[in-house]
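Structural overview
What follows is the residue order along each chain.
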Amino acid sequence: MAVRKEEEPSSSSSSSDGFEPAVKNEEEPSSHGFEWSDDDEISSEIEESSNGSEDEKSDSSEIERVEESDSSEDEVAPRNTVGDVPLIWYKDEEHIGYDIEGKKIKKQQRKDKLSSFVEGADDPKSWRRFTDEYNDEEVELSKDEVKLIGRLIRGETPHVDTDAYPDYVDWFEHDGFPLSNAPEPKRRFVPSKWEQKKVVKLVRAIRNGWIKLDQPKEEENKLYLLWGDDNNAAENKKHGLSYIPAPKPKLPGHEESYNPSVEYIPTEEEISAYQLMFEEDRPKFIPRRFTSLRKVPAYEKSLREMFDRCLDQYLCPRTRKKKINIDPESLKPKLPSRKDLRPYPNKCYFEFRGHNGPVNSISVDFSGQYLASGSMDGTVRVWEIETGRCLKMWEIGESVRKISWNPCSDKPILAVVLEYDVLLLNSELGEIDVQIKTKELLKIDVQTEDDSGDSKSAVNWIRHEKLDAIRLKHFKSVSSVEWHFKGDYFTTVVPSGDSRAVLVHQLSKKHSDKPFKKLPGIPVCAVFHPIKKIFFVATKKFVQVYDLAKGQRIKKLDTGLKEISSISIHPAGDNVIVGSREGKLSWFDLDLSTRPYKTLKAHSKDITRVEFHRTYPLFASGSDDCTAYVFHSTVYSDLNQNPLIVPLEILRGHKSAQGRGVLDCKFHPKQPWLFTAGSDSVIKLYCH
């Protein structure tokens, strides 16, 4: 539809004239969205329609009243009865819908835009025509509809006769109240039961003497002591039992007067003597004499006292606190001198070389004469500590993960951990009788399995003919092996969630047992108590303590570490140290708490091994940062005294290889010596 813009009526036009557009040029569009043509006939026709006579206005008002009828007969039914469906469905069809008889309503032939423009230029009423897409017909607006649209565009009421702001009509008379003529309700003439209850309470209070009606009210004494009276006990009780009266200032006397007597005025000698006194002993006020009050100067300390008062309110405390000068060195804990804690390892005395790969594990025999080592080059070596000579070497053919020497002197047996196997080797050291007993102990005729009755065997005991040893085949890779202090039992750990993750093996009977049906986590390592029948199992974050005699858990140590890497038990059995992958070391006092007594941040990388000395008050830790820390640890028999932990020495010397450093560390059983095994295939001996 070609619609021309329409201009707002001028200020001179009357509001009753309705829609009076003024002619404008095409270059100047109006604010209502219509566009006017330059054709004089159209302009004159619009002016005639808008400036008609009063008769035409009355006729149009009658027509509007007829159109406002609510009768449904005046409504024109839509030509298209297709319903409320999108017309885009009939875009490519020849019909627009269906009539009431079900016949197709053919689309009217549309004119192109050029023909419509030419016809619109010749027809002055073309701007009032538009196309109804739904009914597919052309609709022409009447003059009244044009007026109505114009009023809506200007924000006025649609109909001329409608008064948007009529005068207020007061429909009510306000001569008297109430406004309603309804009869009084019955409840206003019946006694209230709630008022009766209230009266009963008041009567009971009067009878019990709680309310006294005849007693005259005591008149409050408006006179009071200006300076207060501290001896009045009734007033002091208001402040509570801890009330302490503030000290009263001295009342002003004759010397504070601006014109005191001559005897109160000090002489010049007395004033000079005041200057020689201490500030605390010096009088606070020196009397002066003035002939009149207007000659008295302002108080010289008023500004200073106002400032001090502001400071008091800002800083709250009103007492002057002296800063305590403390030497920072005095706050440090008093530790004994390192000279008093000797002996301890502090220098590299010897190096054992011979392995071609990283030395994963080392172990010292009970006598302290021999050192066993296992490397990733697939060899196990036995060294003589005094001379550094390699006495034995076994070609295993697999990477050695862990090695442990039997703690009994009459059983020189090495437990070697491979990928899935644990080998029990005869070191062939010691006297002839000991060697014969060891060979008989390692004899096995038939392959044995655990007799627990479970379909899954815990481990298979197999004879290794080549090495003349016993081979224990596990279902997964083994991570650690530890011996019992009596030498007949040893434990292996498989890091998995299976019931066979922790196994206890008996060497004399060639038997393996599963002590746990289910573990609360994946085990990392397990050790025996050095004295009692207690078993420690370390998972990634906790240490479970079990009583083997009762078969139950007795404690759960919460390390607070991200991942545990190793654990060691004090020879007395009451203290435990735990190393972690984050370089922290935790000390536990089992008699004190299940939480760490001390947590030390010693290393910058993972701690690979922690170890207690059997006889000396020492413990050490090795890490991937190529260092080993040596600590002094004194455990007192008095339970009220905490253990003394003092860092002593940082041992360096290993070189990093493949991102690893010190892989294992062990103390000599009788001397304060420390052995360290590194990823650089070197074993170092540190002595005092």
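I will try to describe carefully the structure that is included in this document. (Residues numbered from 1 in each chain as written. Predicted model: local features only at pLDDT ≥ 70, side-chain atom pairs only at ≥ 80, totals over all residues. Heavy atoms only, no water.)

1. A word on the nonpolar core
If you look at the biggest cluster of nonpolar residues, it comprises 19 residues, and the most contacted ones within it are Leu424, Trp461, Ile470, Leu472, Trp483 and Phe490. Secondary structure elements with two or more residues in this core: β11 (413-417), β12 (421-426), β15 (469-473) and β16 (480-483). For this core, the leading source of residues is β11, giving three residues. Contact partners of Ile470, with chain neighbours within four places excluded, come to Val422, Leu423, Leu424, Leu441, Leu442, Ile444, Trp461, Ile462 and Lys510. (Core = buried A, V, L, I, M, F, W, Y, C linked by side-chain atoms within 4.5 Å. Buried < 20%, exposed > 50% of the residue type's maximum accessible area, 1.4 Å probe, protein only. Helix = DSSP H or I, 4+ residues; strand = E, 2+ residues; numbered from the N terminus. Contact = heavy atoms within 4.5 Å.)

2. Description of the pairing of strand β34 (residues 682-687)
Within β34, six of the six residues are buried, leaving the element largely enclosed by the surrounding structure. Judged by which residues are buried, β34 turns out to be covered on both faces: Val682, Lys684 and Tyr686 on one side and Ile683, Leu685 and Cys687 on the other are all buried. Judged from the four bridges that link them, strand β33 (residues 674-678) and β34 form a sheet pairing that is antiparallel. Across the sheet, Ala677 pairs through a bridge with Ile683, a residue of β34. Hairpin connection between β33 and β34: a loop of three residues separates the two successive antiparallel strands, and Ser681 in this loop has a positive phi of roughly 65°. (Pairing = 2+ DSSP bridges.)

3. Considerations on the sheet that holds strand β25 (residues 575-580)
Read across the sheet, four strands follow the order β24-β25-β26-β27 without closing on themselves; strand pairing throughout is antiparallel. Of all strands in the sheet, those bounded by a partner on one side alone are β24 (564-569) and β27 (598-601). Averaged over all pairs of adjacent strands, the angle between strand axes in this sheet comes to 20°, irrespective of strand direction. Bridging between β24 and β25 involves five bridges; their strand directions are antiparallel. Opposite Ile569, over in β25, you have Val576 as the bridge partner. (Axes fitted to C-alpha atoms, helices over the stretch in contact; angles between N-to-C directions.)

4. A look at the environment of His632
By the element assignment, His632 lies in strand β30 (residues 627-634). Sequence separation between His632 and Val646 is 14 residues; the distance between their C-alpha atoms is 5.0 Å. Here His632 is in contact with Leu341, Pro617, Leu618, Leu644, Ile645, Val646 and Leu648, once residues within four sequence places are set aside. Looking at His632, its side chain comes within polar contact range of the main-chain oxygen of Pro617, at 3.4 Å. A polar contact is formed between the side chain of His632 and the side chain of Thr634, at a distance of 2.5 Å. (Polar contact = N/O pair within 3.5 Å; in protein donor to acceptor, adjacent residues only side chain to side chain.)

5. Description of unusual backbone geometry
Residue Pro343 is reached from Arg342 by a cis peptide bond, and omega for that bond is 5°. Mapped onto the fold, Pro343 is located in the loop between α9 (328-331) and β5 (347-353). Residues other than glycine seldom take positive phi values, yet Gln658 does so here, at roughly 60°. Topologically, Gln658 is positioned in the loop between β31 (644-652) and β32 (662-667). One non-glycine residue, Ser681, adopts positive backbone phi at about 65°. Turning to its location among the elements, Ser681 is positioned in the loop between β33 and β34.

6. Brief notes about the sheet that holds strand β8 (residues 379-384)
The strand order across the open sheet built from four strands is β6-β7-β8-β9, with neighbouring strands paired in antiparallel fashion. Bordering the open sheet on either side are β6 (359-364) and β9 (390-395), each of which pairs with just one other strand. Each adjacent strand pair in this sheet contributes to an overall mean axis angle of 15°, direction not counted.

7. Points about helix α4 (residues 143-153)
What sets the pattern is the α-helix's 3.6 residues per turn: residues three or four places apart point alike. Of all the residues in α4, the buried ones are Val146, Gly150 and Arg151. Buried residues of α4, viewed axially, fall in a sector of 135°; they line one side. Following α4 by one or two positions, Gly155 adopts a phi angle in the positive range, close to 80°. (Arc of directions from axis to C-beta.)

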